[in-house]
Each structure stands twice: as C-alpha cells, then as structure tokens.
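Survey of secondary and tertiary structure
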Amino acid sequence: MNRILIVEDEPRLAAFLEKGLRAAGFTTTAVGDGPAAIATARDDDFDLMLLDVGLPVVDGFGVLQAVRGAGQRLPVIMLTARDETSDKIAGLESGADDYMTKPFVFDELLARVRVRLRAEGTKASTVLSEAGITLDLRARRAEVDGRSVELSAREFTMLETFLRHPRQVLSREQLLSHVWGYDFDPGSNVVDVYVGYLRKKLGKGRFQTVRGMGYSLSDQP
Ligand code: CA
C-alpha cells in the first residue's frame, strides 16, 4: 500500500485530501507546517508528498529544498494558489515532480498521484546489469553473457552486492556484513571461498583481487 504525506495548513483541505486518498486505498499522514513536514518526511518512509506552497514557518519551497537536500527522492506534487504561476515554475525547478493549481478537482489530483507512483515503480528496477552479468532480483536468476548460471542463495547475494557497487573495491568486512550480516567471525575466510565459487561459475577474471583491500567487479571474463 502506498503511503502519502499531505502537507497542508488549511484543515478543511487537508481533511478532504485525506478522506479522498484513503477511500482510494492510500495510507495518509497530514501535517500543517513546514518544520513538521521536514521532520515527518525524514523520520518516516513515504512514497509521495503533496506539498502546499503557502505554509506557516517554512513554506513549500523551503520544505522541498530540505527534503531534496537530505537526499530524499520521493515524488512531490506541489499545490499552488491560482495566481502563483511563477511559483509553479520555481517549484518544478527546485525539484518538484508536478503541481496542481487550487482549486482542483479531486479526480485529477488522484490521476496525477497514480501517474507519479507508477513512474516511480518502473524506475525501481528489479534487474541489475553490469560487466556482462545480469541479475533478475525478483526471479532470482543470473545470466552471464546471455547464458544462465545456477547460484546458491549466498552466491546470489554476494554477486548482487558486487553489482550494486560496480566501480568500487569491496573489503572482506563489507562483503561479510552485506552477505552474512553481522553474525560472522571477522577472521573467517568465507569471503575468499565464495569469491572463488563465483569465479568458477562466472569466469576467473570477473573479480579482481585488490591486494590488502578486497575485491572488485571487473568486465574481463
Ligand atoms: Ca496554504
């Protein structure tokens, strides 16, 4: 279920939005000023934010700037008053994804919310691809140069870790904590053993040993 943060200081409009979005199957949280919006967006996990421009204390642009500055990529639809055309442009330039002019028809807002959430869903790809290796995370399938390879669960997770950090040297400690969690013996050579397994299945040159540091993905077979 998608979670929506509503930032709106007019209680009647906030209540109207909550009611409509809940009826459409969304979970909602509503806050009425800028600082509350920034704190709530930071402390919780939302899929989308509806953000009024005219807000007490910190306005909608300030909220947007803080949220993007904190690295949060959730889609934001700004709600602007009728004559704030320049505000709309400023909003889109400062990292909003869309805007609605008040007063608006609820169905149009709902349609735009759905479009944004769909766009987000396709962006969060479940397929990773690097150096001739393709991992389908949902189907748990691995392919190397178009040929499918059988991997154990640990091998799969380790390969996924490499693909998520393609141009990085991963230390044994990083690989241990990613693949085995924190419940491991730091003196264990299990990482080296598993890199060995992956080399056997994917090609010796795919994992480069960086002496004293760890391993990195390489595009040599
Ligand atoms: Ca307002």
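Note: the structure precedes this text.
Read on for a plain summary of the structure. It should be emphasised that the depicted structure is a prediction, and the values quoted were computed from it without experimental measurement.

1. So, the packing of aromatic side chains
The geometry of an aromatic ring pair is captured by the separation of the ring centres together with the interplanar angle, meaning the angle of the planes. Inspection of the entire model under this criterion finds 3 aromatic pairs. The residue whose ring lies beneath R3 is F46, and the NZ or CZ to ring-centre distance is 4.9 Å.

2. Focus: the side chain of T28
Mapped onto the elements of the fold, T28 is located in strand β2 (residues 27-31). Here T28 falls in the buried class, since its relative accessible area comes to 6%. Of note is the side chain of T28, whose polar atom sits 2.7 Å from the side chain of E18. Side chain to side chain, T28 and R22 meet in a polar contact 2.7 Å long.

3. Focus: the sheet that holds strand β9 (residues 147-149)
Ordered in space as β6-β7-β8-β9, the 4 strands form an open sheet in which the pairing is antiparallel. A single partner strand is all that each edge strand has here, and the edge strands are β6 (127-130) and β9. On average, adjacent strands in this sheet sit at an angle of 25 degrees to one another, irrespective of strand direction. Here 4 bridges tie β6 to strand β7 (residues 133-136), and the two strands are oriented antiparallel to one another. Across the sheet, the residue bridging to L128 is L135, located in β7.

4. Here we look at the coordination of the calcium ion
Within the protein, D9 (OD), D52 (OD) and G54 (O) serve as the donor atoms for the calcium ion, at 2.1 to 2.3 Å. Each donor residue of the calcium ion lies on the same chain, and together they follow the pattern D-x42-D-x1-G. Take D52: its relative accessible area is 4%, and that puts it in the buried class.

5. Some thoughts on helix α7 (residues 172-180)
Among the residues of α7, L175, L176, V179 and W180 are the ones counted as buried. Down the axis of α7, the buried set is contained in an arc of 100 degrees. They therefore lie on one face.

6. Regarding the side chain of S218
Position of S218 among the secondary structure elements: in the segment after β11 (214-217). A polar contact of 3.1 Å, which involves the side chain of S218, links it to the backbone oxygen of G205. Once residues lying within four places of it in the same chain are set aside, the contact partners of S218 are A131, G205, R206 and Q208.

7. Focus: the packing of helix α2 (residues 34-43) against helix α3 (residues 60-69)
As a packed pair, α2 and α3 sit with axes 9 Å apart at the nearest point and diverge in direction by 20 degrees. Our classification of the angle between α2 and α3 gives roughly parallel. Handedness of the crossing formed by α2 with α3: right-handed. Between α2 and α3, the residues in contact are G34, A37, I38 and A41 and G62, V63, A66 and V67, respectively.

8. Here we look at α3
Burial analysis of α3 places 7 of its 10 residues in the buried class, which makes it a mostly covered element. Of the residues making up α3, those classed as buried are G60, F61, G62, V63, L64, V67 and R68. At the N-terminal end of α3, a side-chain oxygen is found 3.1 Å from the backbone nitrogen of F61, two or three residues along, and the residue is D59. The positive-phi residue at the C-terminal boundary of α3 is G71, with phi of around 80 degrees.

Scoring rules and cut-offs
Residues numbered from 1 in each chain as written. Predicted model: local features only at pLDDT ≥ 70, side-chain atom pairs only at ≥ 80, totals over all residues. Heavy atoms only, no water. Phe/Tyr/Trp six-rings, centres within 6.5 Å; stacked < 30°, edge-to-face > 60°. Lys NZ or Arg CZ within 6 Å of the ring centre and 35° of its normal. Helix = DSSP H or I, 4+ residues; strand = E, 2+ residues; numbered from the N terminus. Buried < 20%, exposed > 50% of the residue type's maximum accessible area, 1.4 Å probe, protein only. Polar contact = N/O pair within 3.5 Å; in protein donor to acceptor, adjacent residues only side chain to side chain. Pairing = 2+ DSSP bridges. Axes fitted to C-alpha atoms, helices over the stretch in contact; angles between N-to-C directions. Donors = N, O, S within 2.8 Å, 3.2 Å for Na, K, Ca; no water. Arc of directions from axis to C-beta. Contact = heavy atoms within 4.5 Å. Parallel < 35°, antiparallel > 145°, perpendicular 65-115°, else oblique. Left-handed = near helix turned anticlockwise from the far one by under 90°.

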